[in-house]
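Okay, here's what each chain looks like letter by letter:
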Amino acid sequence: MATALSEEELDNEDYYSLLNVRREASSEELKAAYRRLCMLYHPDKHRDPELKLQAERLFNLVHQAYEVLSDPQTRAIYDIYGKRGLEMEGWEVVERRRTPAEIREEFERLQREREERRLQQRTNPKGTISVGIDATDLFDRYEEEYEDVSGSGFPQIEINKMHISQSIEAPLTASDTAILSGSLSTQNGNGGGSINFALRRVTSAKGWGELEFGAGDLQGPLFGLKLFRNLTPRCFVTTNCALQFSSRGIRPGLTTVLARNLDKNTVGYLQWRWGIQSAMNTSIVRDTKTSHFTVALQLGIPHSFALISYQHKFQDDDQTRVKGSLKAGFFGTVVEYGAERKISRHSVLGAAVSVGVPQGVSLKVKLNRASQTYFFPIHLTDQLLPSAVFYATVGPLVAYFAMHRLIIKPYLRAQKEKELEKQRESTATDILQKKQEAEAAVRLMQESVRRIIEAEESRMGLIIVNAWYGKFVNDKSRKSEKVKVIDVTVPLQCLVKDSKLILTEASKAGLPGFYDPCVGEEKNLKVLYQFRGVLHQVMALDSEALRIPKQSHRIDTDG
């Protein structure tokens, strides 16, 4: 009697992990794994009614996995869509006579359609808030003149300028997008704003064009045209034409940029700007996995300068970057250095110190939160004061480490625990079912394991002494965390064949007799085994492939 499997069971099983085969497994490998598990779970081998029922469920699950993976068409659907894709109604993919290549093409077409629908629902908002702070009174004070003024004993820190901008995109069709943007600015009591509307059309895979209309209270109407075109696979050009209307007449402007990929990571740019602030600029930008380098030279009115900058990218979880630049021209010389670091999933915090002549010393703090940018330039002094440079450098570092330790780290830890708890609650029923199935599978394996151990002992082969799977805590700093492991000695011994144990590169939670004891947390498999009468031990990551025995696992008992 076959028991029907529920949809939830089918959706929560990894067929490859269940059969303990590679995703690239051949039909022979699938057949061998299937036969092995059928011999283990066949209902006729068990007389106890409860064990017989559990064996029947597991046997049907293994049979379902083999049916899907042994057929090229259903296997291709499963690899692309997962288990739910096999039962989807109304999808073109249910035409089972298609080849795997045709099924993949169909999937890509459906994916493009879904992306188009998703684009039409997305506004892609972007915004910037910049608040300029004048803190020169901290270092450049005139105590003699103002010593009699009330409150002059305290430094006066003022907000002297502010800028707010926002833009949204509204996809009209797959090739047309409308963009609405606006900005407000104020400086020393004077301010203004502007609003712009643009319509962008993708004309082909090689180019697009954009029409722009704008108006503001400080400047008159603006009409612009932008064009982008790939000239060759390694070369593209961008042109921007604009007409600015004002009380002084029409002010035309033209900017053209020609770019070429010099190699895989390097791009060279040539820019010509005519009209408002005419200039010619050339630059080379090299961007790799670990660094970003820029060198640029500009000749123009009113500014001509040379620039060189370098940014190093650390390969850590926080995506730390340190950067430095030197810019020299008719306006003076500026040296800037700083760093940025990811402080949460969607937030990056950065700070930079700018030291220049005649600009003085400034501290620039920037926070990127998703698509919003918050920028705080703090002007400290008009002079080159070592004390200002020191406090601008050390101050943000001390503030960051204090904030990271007292606020950011506890907040992220609490958020992670909250997400894990939510995940545990949502999967509690399923995990309980998996635990019961794993315990039933272990009971079904007992007789087979006994025979395997007898055979291995007779040849001094592979004996699993102990095996644990789950979360191990070895770091003393995490000693307060709870160890969450399950005993998987029997399931692993059951997988031993000809004195060998081979586990594929997949989560071990899907193996027969296993389940996930700590959802959402990092897991390992620890195995203590005996081979040729000698003890061996190994610790493997959850999704790491494992082959034992190995000489490197041997426990050195000398001394």
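This is a predicted model, so every value here is computed, not measured.

Colleague: Can you walk me through the sheet that holds strand E21 (residues 524-531) in this structure?
Modeller: Two pairing modes exist for strands in a sheet, parallel and antiparallel, and in both the strands are linked by backbone hydrogen bonds. Reading across the sheet, the four strands line up as E19-E18-E21-E22 and stay open at both edges, with antiparallel pairing between neighbours. Each edge of the open sheet carries a strand with a single partner, namely strand E19 (484-487) and strand E22 (534-541). Sheet twist, expressed as the mean angle between neighbouring strand axes with direction ignored, is 20°.

Colleague: So what exactly am I meant to see when it comes to the pairing of strand E2 (residues 158-171) here?
Modeller: Looking down a regular strand, the side chains alternate between one sheet face and the other. Where strand E1 (residues 126-134) lies against E2, nine bridges are found, and the strand directions are antiparallel. Residue lysine 126 lies in a different strand from E2, and its bridge partner there is serine 167. Strand direction decides the pairing type here: E2 and strand E3 (residues 176-187), joined by eleven bridges, are antiparallel. Its bridge partner being in E3, isoleucine 164 is matched across the sheet by leucine 184. Where E2 folds back onto E3 in an antiparallel hairpin, the turn is made up of four residues.

Colleague: How do you make sense of unusual backbone geometry when you look at a structure like this?
Modeller: Both trends apply: most residues other than glycine have a negative phi, and most peptide bonds are in trans. The residue after valine 357, namely proline 358, is reached through a cis peptide bond having omega 10°. Within the secondary structure layout, proline 358 lies in the loop between strand E15 (347-357) and strand E16 (360-369). Omega for the peptide link from isoleucine 548 to proline 549 comes to 10°, which places this bond in the cis form. For aspartate 498, which is not glycine, the phi torsion reads 55° and is therefore positive. Relative to the helices and strands, aspartate 498 is located in the loop between helix H10 (489-494) and strand E20 (501-503). Residue aspartate 498 is classed as exposed on the basis of its relative accessible area of 53%. Notably, arginine 532 is not glycine yet its phi reads approximately 55°, a positive angle.

Colleague: Hey, could you run me through the nonpolar core in this one?
Modeller: Nonpolar side chains tend to gather and get buried jointly when the protein is soluble and globular. Core analysis: the largest hydrophobic core is formed by 28 residues, its most contacted members being Leu19, Val21, Leu30, Tyr41, Val62, Leu69 and Met445. Listed by contribution, the elements that provide at least two residues to this core are helix H2 (15-19), helix H3 (27-41), helix H4 (49-70) and helix H9 (386-458). Looking at this core, the element that brings in the most residues is H4, giving nine residues. Not counting the four nearest positions on each side in its chain, valine 62 is found in contact with Leu18, Leu19, Tyr34, Leu37 and Tyr41. In this structure, Ala467, Ile486, Leu501 and Ile548 belong to the second largest nonpolar core, which totals 24 residues.

Colleague: What is the right way to read H4 from this model?
Modeller: Every α-helix carries 3.6 residues per turn, so stepping three or four residues along brings you back to the same face. Between its first and last C-alpha, H4 extends 31 Å over 22 residues, near the 32 Å set by a 1.5 Å rise per residue. Residues of H4 that are buried: Gln54, Ala55, Glu56, Leu58, Phe59, Asn60, Leu61, Val62, Ala65, Tyr66, Val68 and Leu69.

Colleague: Can you walk me through the pattern of salt bridges in this structure?
Modeller: Side-chain pairs of opposite charge can arise whenever the charged atoms involved come near each other. Inspection of the entire model under this criterion finds 17 salt bridges. Salt bridges linked by common partners bring Glu447, Arg450, Arg451 and Glu454 together as one network.

Colleague: How should I be thinking about the pairing of E21 in this particular structure?
Modeller: A large share of E21 lies buried, amounting to six of its eight residues. The pairing of strand E18 (residues 462-471) with E21 spans eight bridges and is antiparallel. Along E21, the bridge assignment pairs leucine 462 with phenylalanine 531. Pairing of E21 with E22, which is carried by eight bridges, proceeds in the antiparallel orientation. Considered in E22, the bridge of asparagine 524 is made with leucine 541.

Colleague: Help me understand the side chain of serine 309, please; the structure alone is not making it clear to me.
Modeller: By the element assignment, serine 309 lies in strand E12 (residues 305-313). Overall, the relative accessible area of 18% leaves serine 309 in the buried class. Every residue in contact with serine 309, bar those within four places of it in the chain, is listed here: His292, Phe293, Thr294, Gly324 and Ser325.

Colleague: Would you explain the packing of aromatic side chains in this entry?
Modeller: Centre distance and the angle of the planes are the two values used to describe a pair of aromatic rings. The tally for this structure, following the rule as stated, stands at nine aromatic pairs. The interplanar angle of 75° and the centroid separation of 5.4 Å between the aromatic rings of phenylalanine 390 and tyrosine 391 together place this pair among those described as edge-to-face. A relative accessible area of 48% means that phenylalanine 390 is categorised as partly exposed. Tyrosine 391 gets classed as exposed once you look at its relative accessible area, which sits at 53%. A connected cluster of aromatic rings, assembled from ring pairs, spans Phe139, Phe390 and Tyr391.

Colleague: Hey, could you run me through the environment of threonine 294 in this one?
Modeller: Within the secondary structure, threonine 294 is located in strand E11 (residues 291-300). Classification of threonine 294 as buried rests on a relative accessible area of 13%. If near-sequence neighbours (up to four positions away) are discounted, threonine 294 is found in contact with Ile284, Val285, Leu307, Ile308 and Ser309. At a separation of 3.5 Å, a polar atom in the side chain of threonine 294 contacts the side chain of histidine 292.

Definitions and limits used
Residues numbered from 1 in each chain as written. Predicted model: local features only at pLDDT ≥ 70, side-chain atom pairs only at ≥ 80, totals over all residues. Heavy atoms only, no water. Pairing = 2+ DSSP bridges. Helix = DSSP H or I, 4+ residues; strand = E, 2+ residues; numbered from the N terminus. Axes fitted to C-alpha atoms, helices over the stretch in contact; angles between N-to-C directions. Buried < 20%, exposed > 50% of the residue type's maximum accessible area, 1.4 Å probe, protein only. Core = buried A, V, L, I, M, F, W, Y, C linked by side-chain atoms within 4.5 Å. Contact = heavy atoms within 4.5 Å. Expected span 1.5 Å × (residues − 1). Salt bridge = Lys/Arg side-chain N within 4 Å of Asp/Glu carboxyl O. Phe/Tyr/Trp six-rings, centres within 6.5 Å; stacked < 30°, edge-to-face > 60°. Polar contact = N/O pair within 3.5 Å; in protein donor to acceptor, adjacent residues only side chain to side chain.

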